Amino acid sequence: MDPLKQKFIDKASALKAEIKSLLREHGSKKVDEVVLSQVFGGARGIKMMIWETSNLDPVKGIRFRGYSIPELKELLPTRPGGKEPLPEGLFWLMLVGEIPTEEEVKWLSQQWTNRSNVPEHVFRVLDSLPVETHPMTQFVMAISALQTESCFARRYDEGIHKSEYWDPTYEDAMNLIARLPRIAAYIYRRTYFNGDHIPPDISQDWAGNFGHMLGIENDEFKSLMRLYMTIHADHEGGNASAHTVHLVGSTLSDPYLSFAAGMGALAGPLHGLANQEVIKFIFRMLDALGTETPSKEQIADYVQTTLSRGQVIPGYGHAVLRQPDPRFMAQKAFAEDYLQDSDIVQVVWNLFEVVPPILQSLGKVKNPWPNVDAHSGALLVHYGLKQYSYYTVLFGVSRALGVMAALCWSRALGLPLERPKSVTTKWVKEFIAEQ
Ligand code: FAM
């Protein structure tokens, strides 16, 4: 058995036994109380699932297995001489809870290279779609087409014992992650470059090779891709894409179909599509103002006009966070290191000053601060990746790392079918009347 798989099942078996005795002793302890406004309000804050790979603190932001993004930048292996962490290292950490060595990360990079072959029929499915099909639609369809390769579906069909579900889930997770950059790059090149595809360079790491296949041969851009793929990977379990993968996976739908479903959730403008919406918002603002370098006053006016039209300011606000998103701050730090002089980055920084007080003044926005999506587009534009309809695909490739690691845990821990309770408003009225 491969060393990561062995490590994973050793850890998961130990935790499974621990959970069993924990539930035997404390299973009836109350962990939460639900009020009516939460039932009508998108289930905000209700503790209702297990997600081992990361945890989101409203003030401190995301912690991957307890580590903050600045800590990961210190601790995770990088390319020789590089500054940004390799996403391979984050996957290892999320899967087994340990910071990997350089050797272990090298091994994982090689594994993903070995597993990266995408069957021809997936490209044929993509090529049959109109080229103007939204890249996220193409992404979902390609992942669904790839489901023919699912080890889980095949083993289930053959009658696998439920104690072994984790094994083909791990295989599918590793194979899917390995194949995603090729699929995502294919979508980019067919949509915007007339199908002028770039073959993989197997000497590169996972994110570096992705950058190469996109066609942006720039070391700084590849560093950005390593950072981008690391910080977008996981945001605990309740966000829409992660929760969808978790829910669909709980039916024992295989990892490919579960991930495709999650990508449908990521494609919503209140979630992952916000990264395209932010840059669209910025481009439209610059267009409307007739300048690349608007003043803070001009930006403030434009923001107010947007709000008065009943539209949200994309990239701002969050269902859980109550401080500037550390993922925004990590990208800001990258921009401070590499591209201080970029006009579009300056616009993002001016928005960071202007938007929060305006949102605060509305009196209803719980978090006026920027989230991860407020910064990413400006960095991509700087390096020439200006086709913003594509941005959510990048987010999706990264998100696979977290949700696939978490899915391995769900199957190894034997988590059951998820099935919360819904009620009707009639039930609510009767409930109130009985109080
Ligand atoms: N601009 C204008 N209004 C906003 C706002 C924003 N950026 N963020 C929140 N609000 C409004 C919100 O629409 C709601 O108004 P109504 O009561 O009139 O419906 C009110 O403030 C209270 O909302 P909340 O409790 O503060 O936020 P929610 O938890 O309901 O929603 C978000 C959270 C993320 C959906 C919301 O802040 C939003 O729409 N932001 C813009 C879209 C965005 O950037 N999404 C990306 C989130 C990201 F981190 C990700 O998933 N990738």
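Residues numbered from 1 in each chain as written. Predicted model: local features only at pLDDT ≥ 70, side-chain atom pairs only at ≥ 80, totals over all residues.

A. Up close: the overall build of the chain. Scanning the chain for helices and strands turns up 20 helices and two strands. Projected onto its principal axes, the C-alpha positions of the chain cover 65 × 65 × 45 Å. By sequence separation, contacts in the chain at least 24 residues apart represent 74% of the contacts at least 6 residues apart. (Helix = DSSP H or I, 4+ residues; strand = E, 2+ residues; numbered from the N terminus. Contact = placed C-beta atoms within 7 Å.)

B. Highlighting the packing of helix α9 (residues 166-192) against helix α13 (residues 255-266). Direction vectors running N to C along α9 and α13 enclose 55°, while the axes themselves pass 9 Å from each other. It follows that α9 is oblique to α13 by the angle criterion. In this structure, α9 contributes Thr169, Asp172, Ala173 and Leu176 to the contact, and α13 contributes Pro255, Tyr256 and Phe259. Taken together, the residues of the contact of α9 with α13 sort by class into five nonpolar, one polar and one charged. (Axes fitted to C-alpha atoms, helices over the stretch in contact; angles between N-to-C directions. Parallel < 35°, antiparallel > 145°, perpendicular 65-115°, else oblique. Nonpolar A, V, L, I, M, F, W, Y, C, P; charged D, E, K, R; others polar.)

C. Broad picture of the site of the ligand. Around the ligand lies a shell of 22 residues, among which Ala274, Gly317, Ala319, Lys366 and Asn371 are the nearest. For the shell around the ligand, the class distribution of residues is 11 nonpolar, eight polar and three charged. (Near = placed C-beta within 6 Å.)

D. Seen up close, the environment of alanine 335. Positionally, alanine 335 belongs in helix α16 (residues 326-338). Filtering out sequence-adjacent residues up to four positions away, alanine 335 remains in contact with Val345 and Leu379.

E. How the structure looks around the nonpolar core. The biggest cluster of nonpolar side chains holds 116 residues, and the ones touching the most others in it are Ile177, Ala184, Met404 and Cys408. Top contributing element to this core by residue count: helix α19 (residues 391-412), with 15 residues. Both domains that furnish three or more residues to this core are identified here as domain 1 (1-19 + 38-267 + 388-418) and domain 2 (274-382). Non-local contacts of methionine 404, meaning those with residues more than four positions away in its chain, are made with Ala173, Leu176, Ile177 and Pro255. (Core = buried A, V, L, I, M, F, W, Y, C linked by C-beta atoms within 7 Å. Buried ≥ 20, exposed ≤ 12 C-beta atoms within 10 Å, placed from the backbone. Domains from an automatic or database assignment.)

F. Highlighting the domain arrangement of the chain. For the chain, the assigned domains are domain 1 (1-19 + 38-267 + 388-418) and domain 2 (274-382). Taking only C-alpha atoms into account, the centre of domain 1 sits 27 Å from that of domain 2. Between domain 1 and domain 2, the residue contacts involve 19 residues of the former and 20 residues of the latter. The element contributing the most residues to the side of domain 1 that touches domain 2 is helix α11 (residues 219-231), with five residues. Classifying every residue of the side of domain 1 that touches domain 2 by side-chain character gives 12 nonpolar, five polar and two charged.

G. The arrangement of helix α17 (residues 343-362) in detail. With 20 residues, α17 ought to run about 28 Å at 1.5 Å a step, and its terminal C-alpha atoms sit 29 Å apart, in line with that. Along α17, the largest kink reaches about 30° and is centred on valine 354; proline proline 356 follows within four residues of it. Turning to α17, its buried residues are Ile344, Val345, Val347, Val348, Leu351, Val354, Val355 and Leu359. With its phi angle positive at about 80°, glycine 363 sits one or two positions after the end of α17. (Expected span 1.5 Å × (residues − 1). Bend = angle between axes of the 7 residues up to and from the residue.)

H. The environment of leucine 129, seen in detail. In this structure, leucine 129 sits in the loop between α6 (120-127) and α7 (135-145). By C-beta crowding, leucine 129 is classed as partly exposed, having 16 other C-beta atoms within 10 Å. Each C-alpha atom of the pair leucine 129 and glutamine 360 lies 44 Å from the other, and the pair is 231 residues apart in sequence.

I. A look at the confidence of the model for the chain. Of all residues in the chain, 100% attain a pLDDT of 70 or more, and the chain-wide mean is 97. Taken over the whole predicted complex, pTM reads 0.97, whereas the ipTM for its chain interfaces reads 0.99. (pLDDT = per-residue confidence, 0-100.)

J. Main features of the environment of lysine 332. If you trace the backbone, lysine 332 turns up in helix α16. Sequence separation of lysine 332 and isoleucine 19 is 313 residues, and the distance between their C-alpha atoms is 40 Å.

K. The arrangement of the pairing of strand β2 (residues 61-64) in detail. Of the strand pairs in this sheet, strand β1 (residues 54-57) and β2 are connected by four bridges, and their pairing is antiparallel. In the sheet register, serine 54 faces β2, and the bridge partner there is phenylalanine 64. Linking two consecutive strands that pair antiparallel, namely β1 and β2, is a turn of three residues. (Pairing = 2+ DSSP bridges.)

L. Broad picture of unusual backbone geometry. Look at asparagine 194: it is not a glycine, yet its phi comes out positive at around 60°. You will see that glutamate 236, though not glycine, has its phi angle at about 50°, which is positive. By the secondary structure assignment, glutamate 236 is in the loop between α11 and α12 (240-249). Classification of glutamate 236 as buried rests on a count of 21 C-beta atoms within 10 Å.

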